[in-house]
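Given next are the chains, with one letter for each unit.
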Amino acid sequence: MKLQASRLIVNLLPMAHNMKKYKFEIFTDVFEQNIREGVFRPGQKLPSVRELKQQYQTSMSTIQSGYEYLIIRGLVESIPKSGYYVANKPHTAAHQPHAGHQPVVKDPVFKRNLALITTQRGGRRISEFNVAAPGDLLIPQKLLLRTMQQVIRKQGAGLLRYYPPNGSPELRDHIVQRAAVHKCLINPDELLITDGALQALYIALASVCEAGDVIAVESPCVFSVLEVIRVLNLKIVEVPVSPYAGFDIDFLRKACRSNHVKAVLVTPNFHNPTGILLSDEQKIALVAVAREFNVAIIENDIYGDLHFQGTRPSTIRSFDNSGLVLTYTSYAKTLASGIRLGWLAAGKFMQRAEQIRFALGSTVSPLYQETVNRLLADHSYDRHVRAFRMQLARNAHQAIQLISENFPEKTSILTPAGGYNAWVRMPDGTDMDYFYNQCEQIGVRFTPGYTFSFSGAFDNCFRIVFADKFSPERIAAIRLAGQRSRPDLY
């Protein structure tokens, strides 16, 4: 089999003269064509790195980079202690448009940005570092499915009926009790169960603001949050988040003096995308500004449980007794993205929040409510989170090391204190369009910095999500992306 493969390579050597930019393309172009045309069959063993080094009179690192490129493209698989093989690829049916359908008008900017933060299913294999959700290998699948089965057996047809609009009283009690352990005092009567974090944010903003009102938002800020703001037709003041000082409270105070700011939206615990954690002193200072200017604080605590060391950080709400702080979170980030269940503690804005919550739908899935309720009641949730955050800490270290070793000099990366995002800034003068184009070619995705602001202030940055295990393919993807960001090497 090895001899046959080598002969095919020799016969196609003239094609190698088309190589323009990357040394490894001298053989990857040939391999890709042979695989796609069926000359190299699925499961067929390919020549070793040493054989190709001799064949093409190039370095072993060049051959290794070429094989990593083919792995990321989904054309080749690496089997430890055995070698490289043609991947067994499923056939995908082409999409056939339906005749007679009217064209659908869509916002191209929204569609592009949404694609940059969501997973791509089907098609060629993609190494995704752009989706802020736990990967399949880190989701507690057995725990969730077993708990759901127990809930279904116990509740039966009761799961098919409407639940109270504000959520299961038992679930709300467990949330209140758990929050109290972390010194966050919540009145059960101000607690709403929501269909995830974005719905909670929508309710919070709509409870405090009307169209045309001014709110302050952290900058950078995730695209999904910016979209909620845009849909509600709110005006924004972008408050800088410093890599060293965090959320700029002095800037916020000046903004409140010169604008009628109705609310400030902030992620104090492991900010997305920077991973920064605000100190208790900063949280207290934020509450002081809110009281001085009568500004609501909408606190996103979605990553609060995912600290890498020490005890769980406090919430801003822990330092407030005025009712100005609305805190929300979700279990989608800590359990599984498909568990669409979150909550909002609405403070003094509960009356309006309750009305908006009802208008958006009468109840959240009873199955999800009872499943999370059971996980909280028997402390399975806490046991899972302990293991999950340890894995995330290991992933964060590995991501930082890979970026540091493989990306250009003067690339900076913030070390997160928790959560599962890291913020990378490329050297000044980097052609980011070229970089993202190269990433797309090799099948790797990061979240571009321009999606985190309306101002374009972060065009030189990108976010990397490390919420999945680092397989050899994913490691190779980061290495190759770093190499592709350095055209001087080729």
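The structure we're discussing is the one just above.
It should be emphasised that the depicted structure is a prediction, and the values quoted were computed from it without experimental measurement.

Undergrad: Run through the overall build of the chain, naming residues and quoting values.
TA: If you tally the helices and strands in the chain, you get 16 helices and 16 strands. Considering the chain as a whole, with its 490 residues, one finds that 54% of them fall into the buried category. Restricting to contacts in the chain with at least 6 residues of sequence separation, those with at least 24 account for 73%.

Undergrad: So what's going on with helix H16 (residues 472-484)? Which residues, and what values?
TA: With 13 residues, H16 extends 18 Å from end C-alpha to end C-alpha; this agrees with the ideal 18 Å at 1.5 Å per step. Among the 13 residues of H16, 10 are classified as buried, and the element is accordingly described as predominantly covered. Taken residue by residue, H16 has Arg474, Ile475, Ala476, Ala477, Ile478, Leu480, Ala481, Gly482, Gln483 and Arg484 as its buried positions.

Undergrad: Which residues make up the packing of helix H3 (residues 49-56) against helix H4 (residues 60-72), and what are the values?
TA: Axis separation between H3 and H4 bottoms out at 9 Å; the angle between their running directions is 120°. Between H3 and H4 lies a crossing of right-handed hand. Contact with H3, carried on its side by Val49, Arg50, Leu52 and Lys53, involves Met60, Ile63, Gln64 and Tyr67 of H4 and no other residues of that element.

Undergrad: Can you lay out the sheet that holds strand S9 (residues 296-300) for me, pointing to particular residues and giving the numbers?
TA: Taken together, 8 strands build an open sheet; the order of strands is S4-S11-S10-S9-S8-S5-S6-S7 and the sheet is mixed. Among the strands making up the open sheet, the edge pair consists of strand S4 (191-194) and strand S7 (246-247). As judged from the 4 bridges shared by S4 and strand S11 (residues 342-345), these two strands associate in the antiparallel manner. When the sheet's bridge partners are listed, Leu191 is paired in S11 with Ala345.

Undergrad: If you had to explain the nonpolar core to someone new, which residues and values would you point to?
TA: Judged by nonpolar contacts, the single largest core of 143 residues is most densely connected at Tyr67, Phe247, Tyr420, Phe446, Phe462 and Ile464. The element that contributes the greatest number of residues to this core is helix H14 (residues 380-406), accounting for 9 residues. Those residues in contact with Ile464, other than ones at most four positions away along the chain, are Phe129, Ala399, Ile403, Tyr420, Asn421, Ala422, Val424, Phe446 and Ile478.

Undergrad: Break down helix H9 (residues 223-231) for me, citing the residues and quoting the values.
TA: All buried positions along H9 are accounted for by Phe223, Val225, Leu226, Glu227, Val228 and Ile229. Phi for Asn233, located one or two positions after H9, is positive at around 60°.

Undergrad: Explain the packing of helix H7 (residues 169-181) against helix H13 (residues 366-377) to me, and be specific about the residues and the numbers.
TA: Taken N-terminus to C-terminus, the directions of H7 and H13 make an angle of 40°; their axes are 9 Å apart at the nearest point. With respect to H13, the element H7 is oriented oblique. Relative to H13, the crossing made by H7 is left-handed. Counted together, Glu170, Leu171, His174, Ile175 and Arg178 of H7 and Gln369, Val372, Asn373, Leu376 and Ala377 of H13 form the full contact between these two elements. For the contact of H7 with H13, the class distribution of residues is 5 nonpolar, 3 polar and 2 charged.

Undergrad: Residue-level account of the pattern of salt bridges, with values.
TA: Going through the model one piece at a time under the given rule, you end up with 13 salt bridges. Residue Arg178 is joined to Asp382 by a salt bridge in which the shortest nitrogen-to-oxygen separation is 2.7 Å. Here the residue Arg178 occupies a position in helix H7, and Asp382 occupies one in helix H14, the gap between them amounting to 204 residues. Put simply, Glu227 and Arg230 hold a salt bridge, and the shortest N to O gap is 2.9 Å. Of this pair, Glu227 and Arg230 are both found in helix H9, 3 residues apart, which corresponds to roughly one turn of the helix. Overall, Glu227 belongs to the buried group, its relative accessible area being 13%. By relative accessible area, Arg230 is classed as partly exposed at 41%. Each member of the salt-bridge network shares a partner with another, and the members are Arg178, Asp301, Asp305, Arg312 and Asp382.

Undergrad: How would you explain the sheet that holds strand S15 (residues 447-448) if you had to name every residue and give the values?
TA: Here 4 strands make up an open sheet; going across it, the order is S12-S13-S16-S15 and the pairing antiparallel. Two strands in the sheet have a free side with no partner beyond their single neighbour: strand S12 (412-413) and S15. Bridge analysis of S15 against strand S16 (residues 461-465) gives 2 bridges, and the strand direction is antiparallel. From the neighbouring strand, Thr447 faces S16, where its bridge partner is Arg463. The strands touched by helix H15 (residues 432-442) are S15 and S16; relative to S16, the strand with the most contacts, the crossing angle is about 30°.

What counts and how
- Residues numbered from 1 in each chain as written.
- Predicted model: local features only at pLDDT ≥ 70, side-chain atom pairs only at ≥ 80, totals over all residues.
- Heavy atoms only, no water.
- Helix = DSSP H or I, 4+ residues; strand = E, 2+ residues; numbered from the N terminus.
- Buried < 20%, exposed > 50% of the residue type's maximum accessible area, 1.4 Å probe, protein only.
- Contact = heavy atoms within 4.5 Å.
- Expected span 1.5 Å × (residues − 1).
- Axes fitted to C-alpha atoms, helices over the stretch in contact; angles between N-to-C directions.
- Left-handed = near helix turned anticlockwise from the far one by under 90°.
- Pairing = 2+ DSSP bridges.
- Core = buried A, V, L, I, M, F, W, Y, C linked by side-chain atoms within 4.5 Å.
- Parallel < 35°, antiparallel > 145°, perpendicular 65-115°, else oblique.
- Nonpolar A, V, L, I, M, F, W, Y, C, P; charged D, E, K, R; others polar.
- Salt bridge = Lys/Arg side-chain N within 4 Å of Asp/Glu carboxyl O.

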